Amino acid sequence: MTATERAAIGGLGHSVKRKEDPRFIRGKGTYVDDVKLPGMLYLDILRSPYAHARITKLDTSKALAMPGVVAVITGKDLEAAGLAWMPTLMSDRQMVLPTDRVVYYAQEVAAVIAEDRYTAADAVLAIDVEYEPLEPVVDPFRALEPDAPLVRPDREQKTNHIWNWQAGDKEATDRIFEEAEVVVSQKMYIPRIHVSSIETCGCVASFDKVSGKLTVWLTSQAPHAHRTVFSLVSGIPETKIRVISPDIGGGFGGKVPVYPGYVLAIVVSLQTGRPVKWIEDRSENLQADSFARDYHIHAEIAATRDGTMRALRVHTVADHGAFDAAANPSKFPAGLFSIGTGSYDLEAAHFSVDGVYTNKAPGGVAYRCSFRVTEAVHMIERMVDVLADELDMDPAEIRFKNFIQPDQFPYKSPTGWEYDSGNYPAALQKALDAIGYQELRREQAEKRARGELMGIGISTFTEIVGAGPSHTFDILGVKMFDSAEIRVHPTGSAIVRIGVQTQGQGHETTFAQIVAEELGLPVENIVVEHGDTDTAPYGLGTYASRSTPTAGAATAVAARKIREKARLIAAHLLEVDPDDLEWRDYAFRVKGSPERAKRMSEIAFAAYTNFPQGLEGGLEAVTYYDPPNLTFPFGAYVCVVDIDRGTGQPTVREFLALDDCGTIINPMIVEGQIHGGLTMGLAPALYEEIVYDDNGTMLTGTLMDYLVPTAMETPNWRTEKTVTPSPHHPIGAKGVGESPTVGAPPAIVNAVVDALSHLGVRHIDIPITPWKVYQILEEKGVAE
């Protein structure tokens, strides 16, 4: 088969242009705010100016008297209907609207429903609310003190402590630390940040009183999961609820939780029988939607004097805000943070995490990482550099010394994870060679002699994605598998329906390529549908880089079911035994006579016109895939920075990202994923942070204050690849969407710290702003 013929199929490894892009580049995508229905009402929300206050007066009369206002809903109204609270994905409960007390800045206080959006916004300002300010608690360590203000008096437990979660062997870890030759420790804070996707959250709820069916167009990364939550809250059977997730302008974990605005729109539509639209504005999105990170970490490494790492001990205080509304699997309140032993072969490790309530917005989403893996990778990659500095070793040398070796896979980590495959030494060596590491070190020495500040940072991370095996992973009790349904039509075109939802990842292209590879049908003749719970098979959604490891696997398995049935039809057409056929070059060929062959397009037509007696007609299959394990992508990143001694400005001069995501489905899409992920890794390293004052007021609630990097701040990314297929995934793929966001921050921070290490600097918390660096330069007496 020629390369041209293979390219026409467009299977694995081909840079097929994205099927989605023609509508996006023409401005023809359909987002939730594009949904316009006859008789539609508009909902707007009044939000709290206080982080903690008692509501002493709530007068809606002026708002209700305004022309065009249909209703104003308060917490008391919802309380009467038993809807003032809703469950979170972590089995906590969250106020939809408060009845007597607000517990974070920008919390929803009341909702206005009007005939148009502008009237609703004006009426929000007409609601008269009086508050009695209460002492807020913003610092999670203060929240744990016995006399701290209580954030959640509604709970039976009268404490701000939510839970303690541990992983690893504490006794074995402590024993190694007692006998260790060298122990290094470091406190670090990974600040609260926000996903800031281009499209904010919103929905259109439409209840048909005749059919009794509720349809919700929703900015959702997990339409089926949201349908299940809506059914649990409302009591409406899932058969009477349809969730449609149209084109989504970025999710990054922020569109997994259920927000009060969703519930309010649904309640109003159920009461009025009219469609209701709620679209939040940019400030609402920044101030009240789920945050990410906010981990206060104390980490220690025990090692020998020759640099052999033996044990890791980590304690973390996790600030969850006013409600535990994180989006983690049920059994992992701290997500997969225990992957923090990283790429290194340790004897023991122990992790302990305390979840804490504070008067801040709730959340704790993954933000383009697999459930707290960014926090874990940042911690271990910083700690390796801290140990290298203590022992005066090269950061690359200490990594080579402690890597898990290729012959150790499958590797069981000290915290219980079974890594599927990897070759960390080869990846790092390739990255170092590509960027010219030794030459850079010589350049650094020369510049230091001249008083110039240049740093080289390394990050050799291991991700953990693909949640997950149903024996371990669930959300609200629903097991985390995923699904695909494929139907091949008589003329050889096919439709694929998947349980995951794209937010820009290119599913309509890559999932079609998987089917093209498995069935030999041209990718242009394969259509992928998703995001409609009335048509798509049940799935748990797209986040944590799980689409390819789960639904991608389901798609491959479903295609192989079709191929096995096609073998029987091909044997019938060729008048041979099925065992005499082999699948080669996208066709069933008679062994020994390869010219006698049937392609899938011919077999598809026969499946409806000339199939063997006793065999069901048609050519379709459904698979619900329960992965046997997670997948473990990895990478080796090298960053070079220069620091301006006059301003403290760190500038990323070079960045080389080597990724290994197993089998690559579409190289062009993978490249795009890596570029986007690297930029979202640059953001927290140098720019992004949600800041509160002592009163709990957010100081970074607009894009004038919250610094999202643009193309102007983004350096030129260089990329490399190695390919180590996952042994348990049907096509060997691992997932790539989140690895760059995970691996980039520590590489950048390690580079900045390396530039200053000869001055005695060992750690700087992110974001590393010019002001932070300049203060250090002044303190060290080297500022210009």
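Residues numbered from 1 in each chain as written. Predicted model: local features only at pLDDT ≥ 70, side-chain atom pairs only at ≥ 80, totals over all residues. Heavy atoms only, no water.

**Student:** For this particular structure, what's the right way to read the overall build of the protein chain?
**Tutor:** In terms of helices and strands, the protein chain carries 20 helices and 32 strands. Compactness check: the protein chain gives a C-alpha radius of gyration of 28 Å against a globular reference of 28 Å for 784 residues, within 12% of the reference. Counting only C-alpha atoms, the protein chain reaches 85 × 75 × 50 Å along its principal axes. Looking at the 784 residues of the protein chain, the share that counts as buried comes to 63%. Taking the intrachain contacts of the protein chain between residues at least 6 apart in sequence as the baseline, contacts between residues at least 24 apart amount to 79%. For the protein chain, the accessible surface area stands at approximately 27,900 Å², while carbon and sulfur atoms represent 51% of it. (Helix = DSSP H or I, 4+ residues; strand = E, 2+ residues; numbered from the N terminus. Rg over C-alpha atoms; globule rule 2.2 N^0.38 Å. Buried < 20%, exposed > 50% of the residue type's maximum accessible area, 1.4 Å probe, protein only. Contact = heavy atoms within 4.5 Å. Areas by Shrake-Rupley, 256 points an atom, 1.4 Å probe, with all protein chains shown as cover.)

**Student:** So what exactly am I meant to see when it comes to the environment of P628 here?
**Tutor:** Relative to the helices and strands, P628 is located in the loop between β29 (620–625) and β30 (634–643). On the basis of relative accessible area, P628 is assigned to the exposed category, the value being 51%. Along the sequence, P628 and H471 sit 157 residues apart, while their C-alpha atoms lie 9.2 Å from each other. In this structure P628 touches P469, H471 and H728, once residues within four positions along its chain are discounted.

**Student:** Quick question: what am I supposed to make of the sheet that holds strand β26 (residues 581–584) here?
**Tutor:** Spatially, 3 strands are ordered β26-β27-β28 in an open sheet, and the strand pairing comes out antiparallel. Looking at which strands have only one partner, the edges of the open sheet turn out to be β26 and β28 (593–599). Direction aside, the axes of adjacent strands within the sheet are offset by 35° on average. Where β26 and strand β27 (residues 587–590) come together, 4 bridges link them in antiparallel fashion. Across the sheet, residue R584 finds its bridge partner in β27, namely A587. (Pairing = 2+ DSSP bridges. Axes fitted to C-alpha atoms, helices over the stretch in contact; angles between N-to-C directions.)

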